[in-house]
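Fold and geometry: a report
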Amino acid sequence: MSDANTLPIFRANFDLVIAITQLTPAAEHKEIRTLIEDHIERWSNSTRIVSGDFEPGLQWFNVQRPLSMAKDLRGKIVVLDFFTYCCVNCQHVLPDLKELERLYSVEDGVVVVGVHSPKFDHEKDSSSVLNAVLRNEIAHPVVNDPSCKLWQMLFVNCWPTLVILGPEGQILFIFMGEGHRIHLFKSVTICLEYFKAAGRISAHSLPTRSERDATSSSILSYPGKICLSHDGSHLAIADSGHHRIVIASNVGLVTDMIGKGEKGFQDGDFSTATFSSPQGICWSRDALYVCDTDNHAIRKVDLIRKTVVTVAGNGQMGSDEEGGAIGPCQGLNSPWDCCLVNSSASPPQDPDVLLIAMSGCHQIWMLALRNGVRWYKRDE
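Rules behind the numbers
- In this convention, every chain numbers its residues from 1, walking through the sequence in written order.
- The predicted nature of this model means local features are confined to residues of pLDDT at least 70 and side-chain atom pairs, given and counted, to a pLDDT of 80 or more, with totals for whole chains, interfaces and linings taken over all residues.
- The basis for the side-chain values is all heavy atoms of the structure; hydrogens and waters are excluded.
- To get an axis, a line is fitted to the C-alpha atoms, and for a helix only the part in contact is used. The angle between two axes follows their N-to-C directions and goes from 0 to 180 degrees.
- Numbering of helices and strands runs from the N terminus, with a helix taken as a DSSP run of H or I at least four residues long and a strand as a DSSP run of E at least two residues long.
- Left-handed is the label given to a crossing in which the near helix is rotated counterclockwise from the far helix by less than a right angle, and right-handed is the label when the rotation is clockwise.
- Contact between two residues is taken to exist if any of their heavy atoms lie within 4.5 Å; hydrogens are not considered.
- Residue polarity is assigned by list, with Asp, Glu, Lys and Arg as charged and Ala, Val, Leu, Ile, Met, Phe, Trp, Tyr, Cys and Pro as nonpolar; anything else, Gly included, falls into the polar class.
- Pairing between strands is defined by DSSP: at least two bridges between them are needed.
- Angle categories: roughly parallel below 35 degrees, roughly antiparallel above 145, roughly perpendicular from 65 to 115, and oblique for all the rest.
- Any carboxyl oxygen of Asp or Glu within 4 Å of a side-chain nitrogen of Lys or Arg constitutes a salt bridge here.
- Burial classification: accessible surface area is computed with a 1.4 Å probe over protein chains only, and a residue below 20% of its type maximum counts as buried, one above 50% as exposed, and the rest as partly exposed.

What follows is about the packing of helix α2 (residues 29-44) against helix α6 (residues 181-197). With their axes 10 Å apart at the nearest point, α2 and α6 run at an angle of 65 degrees to one another. Crossing geometry of α2 relative to α6 is assigned as right-handed. On the side of α2, the interface is formed by Ile32, Arg33, Ile36, Glu37, Ile40, Glu41 and Ser44, while α6 contributes Lys186, Ser187, Ile190, Cys191, Glu193, Tyr194 and Phe195. Grouping the constituent residues of the contact of α2 with α6 by class yields seven nonpolar, two polar and five charged.

Put into structure tokens, the structure is as follows:
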């Protein structure tokens, strides 16, 4: 690599984002395009390029063989996603990358490559990375870099970080953290158009394969949580990989499948309702409360009426850290687990508060299930 210090590019990238943000709402697309093209023009001719290649011997997923920066990725706009599989913020970036892959194929000239850069020792294991690829339904190529060599080479210092490379390995954009969807899409789109006009984009394919196609099916797929009914007769299982809830007797007899078994955000009866990677569950008499994690929502399963309704969240990731809105009007951020507790006004056998582990904002939230429960703000 020639001059690997990416700090000047990050600073220029930060200035670019500020400049775009400060444009008036009526600013024309041409003004944004000019700012991004000027940035591309400047950095596509710099000496900051990835001139080396991936370290040999690394484990790759979703490809038939290791990819080469100099051969396979030459002529492509490459988005390097530096992530670690235990990081919820890294998981928040995945929907943006999936949408980017839907918009632009490899043959169009855009390639997303996940670079797994472990934070902890136990995350270095390639079998665990494979499970994360399958669990999160990642379809693009992923390389496990247990020594974080590429991370260090590019001076990356936080999870997640997206690095956009030009067709000859030029380091063009660096986005640190989550929440860069709009700027990511604009940057990739204009990069692709800019280099395609110069005849520098290649339409060649890559030797991809699907890890999911190589796995056998089972009744459960990466179950996230389990909860026992109050009388001990039944289990509720978050069948996270199948996007549903399974009810089984305590001897393993399946009595109900809750959810259509495909990703979505739809209320309805047990056969039509949809979830997206549900996790935490808690049992409340004849109902279940479910953390519908990737839908950023809390769902209530009525076991008598056999229906699913949304009691909080709206399917979109919220950024609110205070709360206080009612039901679906309140945005949530990756609710991961929950439990029922009693307020001072409720009898012991009738809990009226749902505590929620809001993993996306690293907080514990309280959802009042009945009127009259007092909410406490952080300054009380």
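There is more to say, and it comes next.
Strand order in the open sheet made by the four strands is β7-β8-β9-β10, with antiparallel pairing throughout. The open sheet is flanked by β7 (226-228) and β10 (254-258), the only strands paired with a single partner. The sheet shows a mean angle of 15 degrees between the axes of neighbouring strands, taken without regard to direction. Note that β7 and strand β8 (residues 234-239) share three bridges and pair antiparallel. Across the sheet, residue leucine 228 finds its bridge partner in β8, namely leucine 235.

On to the packing of helix α3 (residues 88-103) against α6, then. Relative placement of two packed helices is described by the angle separating their axes and the distance separating the axes. For the pair α3 and α6, the least separation of the axes is 10 Å and the interaxial angle reads 25 degrees. Between α3 and α6, the angle falls in the class roughly parallel. Helix-helix and strand crossings are classified by hand; for α3 and α6 the assignment is right-handed. Between α3 and α6, the residues in contact are Pro95, Asp96, Leu97, Glu99, Leu100 and Leu103 and Arg181, Leu184, Phe185 and Val188, respectively. Grouping the amino acids of the contact of α3 with α6 by side-chain chemistry returns seven nonpolar, no polar and three charged.

Attention now moves to the pattern of salt bridges. This structure, assessed with the given rule, holds 19 salt bridges. One salt bridge in this structure joins lysine 260 and glutamate 262, with 3.8 Å as the shortest N-O distance. For aspartate 302, the salt bridge goes to arginine 305, with nearest N and O atoms at 3.0 Å.

Let's shift gears to unusual backbone geometry. The linkage connecting tryptophan 159 with the following residue, proline 160, adopts the cis geometry, with an omega of -15 degrees. For proline 160, the location among the structural elements is in the loop between α5 (149-153) and β5 (161-165). A positive phi angle is found at glutamate 137, which is not glycine, with a value near 55 degrees. When its relative accessible area of 27% is taken as the criterion, glutamate 137 is described as partly exposed.

Any functional reading would require information beyond the geometric quantities listed.
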